[in-house]
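Secondary and tertiary structure notes
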Amino acid sequence: MALAMTDVAERAKRQLAEVTGFKPVAAIGSYRDAKGWHVSVDMLEMARLPDSTDLLGTYAVDLDEEGSMVKFEKKRSRLRGQPYEEAEE
């Protein structure tokens, strides 16, 4: 049975939290190709006051067809109150 994108996003958040110890904030992107699922996840790395100064890390997570994490990589850090910046290729 094929996994739905919502299931894949939840699995990515849960497995990344188990590995990093950080709290997942949101899955911010996802796609599937011949190699499996690719999900971008924002994780709360450091809570601060006010919340707009929380430190968030954006991670790229790769999952196989069964939804098991096979790779993750931190892509960037930002303060919660800062807008996303376009990644330069």
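Our subject is the structure that appears above.
The present account deals with the structure reproduced in this document. Model, not experiment: these values are computed from the prediction. Residue numbers here run from 1 along each chain, matching the order of that chain's written sequence. Given that the model is predicted, a residue must reach a pLDDT of at least 70 before its local features are reported, and side-chain atom pairs must reach 80 or more before they are shown or counted; all residues, however, enter totals for whole chains, interfaces and linings. As a rule here, side-chain values cover all heavy atoms of the structure and leave hydrogens and water aside.

Turning next to the overall build of the protein. Helix and strand counts for the protein come out as one helix and four strands. Mapped in sequence order, the helices and strands of the protein form the string α-β-β-β-β. Radius of gyration means the value over C-alpha atoms here, while the globule rule gives 2.2 Å times the residue count to the 0.38 power. For 89 residues, the compact-globule estimate of 2.2 N^0.38 gives 12 Å, and the protein sits close to it at 13 Å. Each principal axis of the C-alpha distribution contributes one length, and for the protein these read about 45 × 30 × 20 Å. The burial tally for the protein puts 30% of its 89 residues in the buried class. Expressed as a percentage of contacts within the protein between residues at least 6 apart in sequence, the contacts between residues at least 24 apart total 41%. For helices the rule is a DSSP run of H or I covering at least 4 residues; for strands it is a run of E covering at least 2, with both sets numbered from the N terminus onward. For the exposure calls, accessible area comes from a 1.4 Å probe over protein chains only, and a residue counts as buried if that area is under 20% of its type's maximum, exposed if over 50%, partly exposed in between. The contact criterion used is simple: two residues touch if any of their non-hydrogen atoms lie within 4.5 Å.

Moving on, we get to the pairing of strand β2 (residues 36-46). Side-chain positions along a regular strand alternate between the two faces of the sheet. Across the eleven residues that make up β2, a large majority, nine, are buried. Of the pairings in the sheet, the one linking strand β1 (residues 23-33) to β2 comprises nine bridges and is antiparallel in character. Across the sheet, Y31 pairs through a bridge with H38, a residue of β2. Connecting β1 to the antiparallel partner β2 that follows it, the hairpin turn spans two residues. The pairing criterion is simple: DSSP has to find at least two bridges between the two strands. Where β2 and strand β3 (residues 55-63) come together, nine bridges link them in antiparallel fashion. Note on β3: the bridge partner recorded for L44 is L56.

Time to look at helix α1 (residues 5-20). Given a helix with a known number of residues, its expected span is that number minus one, times 1.5 Å. Given a rise of 1.5 Å per residue, 16 residues ought to cover 22 Å, and the 22 Å separating the end C-alpha atoms of α1 matches this to within 8%. When we look at burial in α1, the residues that qualify are V8, A9, A12, K13, Q15 and L16. Where the residues of α1 are buried, they touch β1, β2, β3 and β4 (69-79).

With that settled, consider the side chain of E45. Turning to its location among the elements, E45 is positioned in strand β2. Polar contact is the term for a pair of N or O atoms within 3.5 Å; when the atoms are in protein, one must be able to donate a hydrogen and the other to accept it, and sequence-neighboring residues count only if both atoms are side-chain atoms. Polar side-chain contacts of E45 include one of 3.0 Å to the side chain of K74. Residues contacting E45, with those up to four places away along its chain left out, are F22, L55, L56, G57, Y59, K74 and S77.

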